[in-house]
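Below, each chain spelled out in residue letters.
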Amino acid sequence: MEVISTVVGYPYIGEQRQWKKIVESFWKGDLSEVQFHQQMKELRLHNLKRQQGLGIDYITVGDFTLYDRMLDLAFMFGIIPERYQSLNNETALTRYYAMARGAKNVIACEMTKWFNTNYHYIVPEFDGKQLKLKENILLEYFLEAKNELNIIAKPTLIGPYTFMDLSKGYDDQTKAIFILQLLPLYTEVIQQLVDAGAEWIQLEEPSLTKSLSDDEVRLVEQIYSKLAESVPSAKIMLQTYFEALTSYERLSNLPVAGIGLDFVHGKKENKEAIRKHGFPNNKVLAIGCINGRDIWSSNLAEVVSEIESVVYLSKAQSVWIESSCSLQHVPITTRNEQKLEPVLLNALSFADEKISEIVHVTHYIKHGKWIKEKAVSESMEIIEALATHPIRNNKRVQEIMQSITANDFSRALPYDQRRLIQQQVLGLPLFPTTTIGSFPQSSEVKKTRAAWRKKQISDTEYEAFIEKETARWIKLQEEIGLDIFVHGEFERTDMVEFFGEKLTGFAFTQNAWVVSYGSRCVKPPIIYGDVEWTSPMTLKEVLFAQKLTDAHVKGMLTGPVTILNWSFVRNDVPREVVANQIAIALRQEILELERSGIAIIQVDEPALREGLPLRKENWSDYLAWAVNAFKLATSSVKNETQIHTHMCYVEFNDFIEPIESLDADVISLETSRSHGELIYSLQQHPYELGIGLGVYDIHSPRVPDVSEMMEILNASLQVIPKERFWINPDCGLKTRQEPETVAALTNMVKAAKLLRHEVLSNNVN
């Protein structure tokens with residue numbers, strides 16, 4: 001039996017986030033395009049040499065991007081919306097980044113979650129124009145590896161069905177046109193790669209793990225039949241991940257040379273499908289057995305046992321041992337972590353360590369022995385040491401969890417009655433204006449925080465700086481004319497990390513960065529023990545801000561499910577248990593805020609949707625405990641206390657019931673890049689609680705004018721009753737610059753006042 005080690009993809013950002021620095025230097029004008037492309041090439045080759053040194057058999061190219069891989073394909077294929085034609089005199093790279101970030105007079109393309117991960121991709125917009133292959137960057141990357149490193153790599157690109165599935169701009173009638181235009185372009189890309197010497201081409205099709213109708217399965221069959229007919233010499237590895245392959249009996253027989261299956265998140269269903277239907281004897285089976293989405297060391301004995309079981313069931317004659325999905329979802333290496341306690345550090349496995357695990361188990365499957373004699377026993381000892389650590393056996397937390405009752409999950413009165421009480425107590429105007437929470441973290445804020453963390457300034461000096469910055473922004477909010485204020489969150493690095501640092505059970509890395517979107521990188525906390533609240537986390541800063549103004553200042557918290565989904569989570573207990581532990585901790589914080597006179601408390605859940613299984617038929621269990629975790633955190637407050645929440649990139653039609661089930665008094669939604677779609681959704685499914693639709697895109701540096709915001713507000717007013725209508729930006733403003741923030745918020749308040757005047761005048765008339 002032939003056995004080969006490989007990975008679906010490798011992180012592109014560099015060990016020290018070199019990729020981010022190159023991109024942002026170019027955006028600032030500090031690099032020319034020539035310098036930019038040269039530095040990007042050097043980073044790509046560095047990443048390939050790194051994997052080569054780790055001993056992987058088959059290295060992947062095409063997992064690299066200048067911003068986002070969906071955007072790469074859209075740009076390659078000429079899927080460039082009409083609004084960017086004004087930039088035709090600009091360079092291709094300038095237009096590429098305009099689609100990602102917007103330009104002075106052009107809004108950016110929509111951005112949304114990549115399946116159930118914390119990565120965001122740019123949504124291609126098909127407008128019916130004839131498509132054409134403008135360049136083949138996959139070929140460029142393949143030839144780089146071949147000519148400069150003598151590597152015959154495996155090019156990877158997002159497959160045609162997934163690309164179509166995640167794009168927008170077509171309906172049932174134009175879907176066929178879109179596919180018919182896409183397939184010749186895929187054919188051209190693949191043929192050029194084959195002609196250049198590519199032995200395998202990996203087509204990533206995670207959409208094939210979603211729920212598919214019979215018509216959709218038939219469409220997939222037609223797509224791959226056409227590709228096989230058009231490029232008969234190509235050896236295609238159809239790579240699926242995140243869950244099990246849907247309609248296995250039919251899709252496993254597609255005319256491809258190999259099929260990659262996820263035996264981590266889709267293990268049970270994939271094994272059952274192979275047991276029932278077998279595996280085609282003419283195909284390579286890629287066994288995704290090392291978890292590409294968590295950071296825990298594998299139990300090597302269990303992994304080998306799993307591989308042997310799959311091989312026995314499938315009777316495959318040729319197998320690839322690989323990661324369950326791309327390793328872009330995990331940090332690059334543990335070797336730069338010097339501050340974690342050994343029992344935790346030893347139990348961690350990032351991208352490089354996962355490649356080493358793949359290499360080790362591949363060697364065992366090939367030769368029947370380990371590269372390192374004590375590999376299995378050491379693996380078991382590491383796992384056992386963490387399992388018995390006191391941090392995972394907190395009796396106080398366990399006792400609190402056992403005391404939870406059904407009453408802890410519901411408010412005292414229903415929303416309609418609470419709204420009247422809150423309106424009387426809070427005295428808010430029609431169409432209240434607010435922001436989502438954070439204000440720009442200037443270079444001075446970051447520099448001062450870094451100095452404090454390095455103990456170059458004292459705690460007292462740092463707190464004085466935070467108070468000064470908070471006071472300055474309270475004054476700015478008064479000058480802008482907002483109705484509900486926030487303190488600005490200048491003391492916070494990250495909306496999850498900040499809370500994790502103040503709770504037990506969390507650990508934090510120094511360099512464990514992953515990409516969230518574009519050049520935005522985050523270091524997810526590690527939840528490795530029982531979570532416990534020990535003292536107030538946000539009270540001091542919020543009370544300081546509240547003393548400076550007569551306006552209400554919102555308490556700002558991150559919700560339990562978002563903290564869960566934006567962290568690397570222990571794998572020894574169900575995620576529901578961890579979510580409830582976090583919820584109990586937040587509940588105690590919320591009660592502290594309320595007791596101190598904070599009347600509006602926002603508990604953000606932008607990542608609620610991320611934990612959803614890809615198939616709708618499997619949603620109910622997750623949604624039940626996720627919604628309950630939010631309610632466990634928020635339901636203890638008095639009726640007059642107003643609970644807000646915030647969500648990003650929500651497919652509203654799919655999600656209205658769980659959103660309403662949260663029973664938050666007000667929700668703000670990130671909608672500016674897809675506002676029309678949300679308006680349509682609200683026409684079909686009215687929302688019965690308070691709601692604010694984002695009126696401008698905070699991911700773009702452009703400042704929309706009042707008339708642009710008024711169009712959005714008037715459209716929104718058609719589907720949201722004025723009594724429940726809030727006005728806010730799309731999301732937090734941490735990544736924006738101060739001048740554009742003040743200008744955009746000023747325009748937003750002007751638009752709100754104009755709308756208020758128009759509505760009140762019409763009522764009088």
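Heads up: the structure comes first, above all this text.
Here the structure is a predicted model, which means the values were calculated and not measured.

A.B. asks: When you look at the state of the cysteines in this model, what are you seeing that I'm missing?
C.D. replies: The full count for this structure, using the stated rule, is zero disulfides. For the unlinked cysteine Cys521, the closest cysteine sulfur is that of Cys731, found at 17 Å.

A.B. asks: Help me out: how do you make sense of helix 10 (residues 267–277) in this one?
C.D. replies: Because an α-helix packs 3.6 residues into every turn, residues spaced three or four apart end up facing the same way. Those residues of helix 10 that sit buried are Asn270, Lys271, Ala273 and Ile274. Relative to the axis of helix 10, the buried residues are bounded by an arc of 160° and lie together on one face. Counted as exposed and oriented over 90 degrees from the buried face of helix 10: Lys268 and Lys276. Buried residues along helix 10 sit against helix 9 (248–251), strand 8 (258–262) and helix 11 (300–314).

A.B. asks: Sorry if this is basic, but what is going on with helix 26 (residues 706–717) here?
C.D. replies: Over its 12 residues, helix 26 runs 16 Å from end to end, which matches the ideal 16 Å to within 8%, given 1.5 Å per residue. Those residues of helix 26 that sit buried are Met709, Met710, Ile712, Leu713 and Ser716. One side of helix 26 holds all its buried residues, which, seen down the axis, span an arc of 165°.

A.B. asks: Could you clarify how one ought to interpret unusual backbone geometry in this entry?
C.D. replies: Across the chain, the bulk of peptide bonds are trans and the bulk of non-glycine residues have phi less than zero. Here the phi dihedral of Phe115 falls at roughly 55°; this positive angle occurs in a residue that is not glycine. Mapped onto the secondary structure, Phe115 falls in the loop between strand 3 (111–113) and strand 4 (120–122). Although it is not a glycine, Ser247 sits at a positive phi angle of roughly 50°. Within the fold, Ser247 resides in the loop between strand 7 (236–239) and helix 9. Taking relative accessible area as the criterion, Ser247 reaches 30% and is therefore assigned partly exposed.

A.B. asks: Whenever I open this one, the sheet that holds strand 19 (residues 666–669) confuses me. Can you help?
C.D. replies: Either a parallel or an antiparallel arrangement is found when strands of a sheet pair, and the pairing is made through backbone hydrogen bonds. The six strands are arranged 15-17-18-19-20-21 in an open sheet whose pairing can be described as parallel. Edge positions in the sheet fall to strand 15 (555–558) and strand 21 (725–728), since each of these pairs with one other strand and no more. Across the sheet, the axes of successive neighbouring strands diverge by a mean angle of 25°, strand direction being ignored. Pairing analysis gives three bridges linking strand 17 (residues 600–604) to strand 18 (residues 642–647), with the strands arranged parallel. Across the sheet, the residue bridging to Ile600 is Gln642, located in strand 18.

A.B. asks: What should I look at first to understand the packing of helix 2 (residues 33–54) against helix 5 (residues 137–149) in this one?
C.D. replies: The relative placement of two packed helices comes down to the angle between their axes together with the axis-to-axis distance. Here helix 2 crosses helix 5 at 65°, and the two axes come no closer than 11 Å. As for how helix 2 packs across helix 5, the hand of that crossing is right-handed. Residue-level inspection shows Lys41, Arg44, Leu45, Leu48, Lys49 and Gln52 of helix 2 in contact with helix 5, the latter providing Glu140, Tyr141, Glu144, Ala145, Glu148 and Leu149. Residues that form the contact of helix 2 with helix 5 fall into these classes: five nonpolar, one polar and six charged.

A.B. asks: Teacher, can you tell me more about the side chain of Gln441 here?
C.D. replies: Assignment of secondary structure puts Gln441 in the loop between helix 16 (415–426) and helix 17 (443–453). Polar side-chain contacts of Gln441 include one of 2.9 Å to the backbone oxygen of Glu489. Looking at Gln441, its side chain comes within polar contact range of the main-chain oxygen of Arg492, at 2.9 Å. Apart from the residues within four sequence positions on either side, Gln441 is in contact with Lys446, Arg449, Glu489, Phe490, Arg492 and Lys734.

A.B. asks: In this structure, what is going on with the sheet that holds strand 10 (residues 318–323)? I would like to understand it.
C.D. replies: Spatial strand order, 1-10-9-8-7-6-5-2: eight strands in an open sheet with parallel pairing. Each edge of the open sheet carries a strand with a single partner, namely strand 1 (2–5) and strand 2 (60–61). As defined by bridge partners, strand 1 adjoins strand 10 across four bridges and the pair is classed as parallel. Bridging from a neighbouring strand, Ile4 pairs with Trp320 of strand 10. Helix 3 (residues 69–76) rests against strand 5 (154–158) and strand 6 (201–204) of the sheet, and its axis sits at about 85° to strand 5.

A.B. asks: Is there a simple way to think about the packing of helix 7 (residues 172–195) against helix 8 (residues 214–230) in this case?
C.D. replies: The geometry of helix 7 relative to helix 8 is characterised by a closest axis approach of 10 Å and an angle of 35° between their N-to-C directions. Seen from above, helix 7 lies across helix 8 with right-handed handedness. Contacts between helix 7 and helix 8 involve Lys175, Ile179, Leu183, Tyr186, Thr187, Ile190 and Gln191 from the former and Leu219, Ile223, Lys226, Leu227 and Ser230 from the latter. For the contact of helix 7 with helix 8, a count of residues per class yields seven nonpolar, three polar and two charged.

A.B. asks: What's the story with the pattern of salt bridges in this structure? I'm lost.
C.D. replies: Pairing is possible between side chains that carry opposite charge, provided their charged atoms lie close to one another. Summed over all chains, the structure comprises 47 salt bridges. Note that Arg615 is salt-bridged to Glu269, the shortest N-O span being 2.6 Å. With a gap of 346 residues between them, Arg615 in the loop between strand 17 and helix 23 (619–634) and Glu269 in helix 10 connect regions that are remote in the sequence. On the accessibility criterion, Arg615 (8% relative accessible area) is buried. For Glu269, a relative accessible area of 41% gives the class partly exposed. Between Arg453 and Glu501 there is a salt bridge whose closest N-O contact spans 3.2 Å. Of this pair, Arg453 sits in helix 17 while Glu501 sits in the loop between helix 19 (497–500) and strand 11 (503–507); the two residues are 48 residues apart in sequence, bridging distant segments of the chain. Take Arg453: its relative accessible area is 43%, and that puts it in the partly exposed class.

A.B. asks: Any chance you could explain the nonpolar core here in plain terms?
C.D. replies: Within soluble globular proteins, side chains that are nonpolar tend to cluster in buried spots. By size, the foremost hydrophobic cluster in this structure holds 153 residues, and its most contacted members are Phe77, Trp114, Phe163 and Ile287. No other element matches the 10 residues that helix 7 contributes to this core. Aside from chain neighbours lying at most four places away, what touches Trp114 is Met70, Tyr119, His120, Tyr121, Ile158, Thr162, Leu166, Pro206, Tyr241, Phe242 and His329. By size, the runner-up hydrophobic cluster in this structure holds 101 residues, among which are Phe490, Ala585, Val603 and Cys648.

A.B. asks: How should I be thinking about the pairing of strand 21 in this particular structure?
C.D. replies: Two faces belong to every sheet, and in a regular strand the side chains alternate between them. Alternating positions in strand 21 separate into two faces, Phe725 and Ile727 on one and Trp726 and Asn728 on the other, with burial throughout. Direction of pairing for strand 20 (residues 690–694) relative to strand 21: parallel, over a ladder of four bridges. What sits directly across from Ile691, in strand 21, is Phe725.

What counts, and at which threshold
Residues numbered from 1 in each chain as written. Predicted model: local features only at pLDDT ≥ 70, side-chain atom pairs only at ≥ 80, totals over all residues. Heavy atoms only, no water. Disulfide = S-S within 2.5 Å. Buried < 20%, exposed > 50% of the residue type's maximum accessible area, 1.4 Å probe, protein only. Helix = DSSP H or I, 4+ residues; strand = E, 2+ residues; numbered from the N terminus. Arc of directions from axis to C-beta. Contact = heavy atoms within 4.5 Å. Expected span 1.5 Å × (residues − 1). Pairing = 2+ DSSP bridges. Axes fitted to C-alpha atoms, helices over the stretch in contact; angles between N-to-C directions. Left-handed = near helix turned anticlockwise from the far one by under 90°. Nonpolar A, V, L, I, M, F, W, Y, C, P; charged D, E, K, R; others polar. Polar contact = N/O pair within 3.5 Å; in protein donor to acceptor, adjacent residues only side chain to side chain. Salt bridge = Lys/Arg side-chain N within 4 Å of Asp/Glu carboxyl O. Core = buried A, V, L, I, M, F, W, Y, C linked by side-chain atoms within 4.5 Å.

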